[in-house]
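Below are the chains, spelled out letter by letter.
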Amino acid sequence: MATSPAPGEGPVRPVSASLHEGTIAARRARTGKRGMSAYVEALIRRQLERGRLRELIEDAEAEHGPVDQATVEAKRVVLRGDNAGSADAA
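Residues numbered from 1 in each chain as written. Predicted model: local features only at pLDDT ≥ 70, side-chain atom pairs only at ≥ 80, totals over all residues. Heavy atoms only, no water.

K.L.:
Help me understand the pattern of salt bridges, please; the structure alone is not making it clear to me.
P.N.:
When charged atoms on two side chains of opposite charge get close, those side chains can pair. A full pass over the atoms with the stated rule returns two salt bridges. A salt bridge links Arg-52 to Glu-55; the shortest N-O distance between them is 3.3 Å. Highlighted residues: Arg-52 and Glu-55, both in helix α2 (residues 36–64), separated by three residues, approximately one helical turn. The class for Glu-55 is partly exposed, based on a relative accessible area of 41%. (Salt bridge = Lys/Arg side-chain N within 4 Å of Asp/Glu carboxyl O. Helix = DSSP H or I, 4+ residues; strand = E, 2+ residues; numbered from the N terminus. Buried < 20%, exposed > 50% of the residue type's maximum accessible area, 1.4 Å probe, protein only.)

K.L.:
Is there a simple way to think about a nonpolar patch on the surface in this case?
P.N.:
On the surface, Val-40, Ile-44 and Leu-48 cluster together to form a nonpolar patch covering roughly 250 Å² of accessible area. The residue Ile-44 is located in helix α2 in this model. (Patch = residues over 30% accessible without salt bridge, like charges linked within 9 Å, V, L, I, M, F, W, Y side chains within 5 Å. Areas by Shrake-Rupley, 256 points an atom, 1.4 Å probe, with all protein chains shown as cover.)

K.L.:
What's the story with the environment of Val-67 in this structure? I'm lost.
P.N.:
If you trace the backbone, Val-67 turns up in the loop between α2 and α3 (69–80). With ten residues separating them in the primary sequence, Val-67 and Ile-57 have C-alpha atoms 9.3 Å apart. In this view, Val-67 contacts Glu-61 and Val-72; residues no more than four positions away in its chain are not counted. (Contact = heavy atoms within 4.5 Å.)

Following this line, the structure appears as structure tokens:
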């Protein structure tokens, strides 16, 4: 049985999507007149990655219990580089 290509792989084919004019205008202001396909492709791939990450988090929480929010916030501080004066943030 053949497997489907991974996101971002395989041949490109046209699809149709309906978007609000304001959404189109905002995208055009960021990227110019061209590049709609690449922009939409990147957005869809990002959303797929977020969905997979959410599934991994749910699986981990089911196995190990919910994460401690104070620990999560401490790690965010480190990741953002805001740890000056927060020696125990990690």
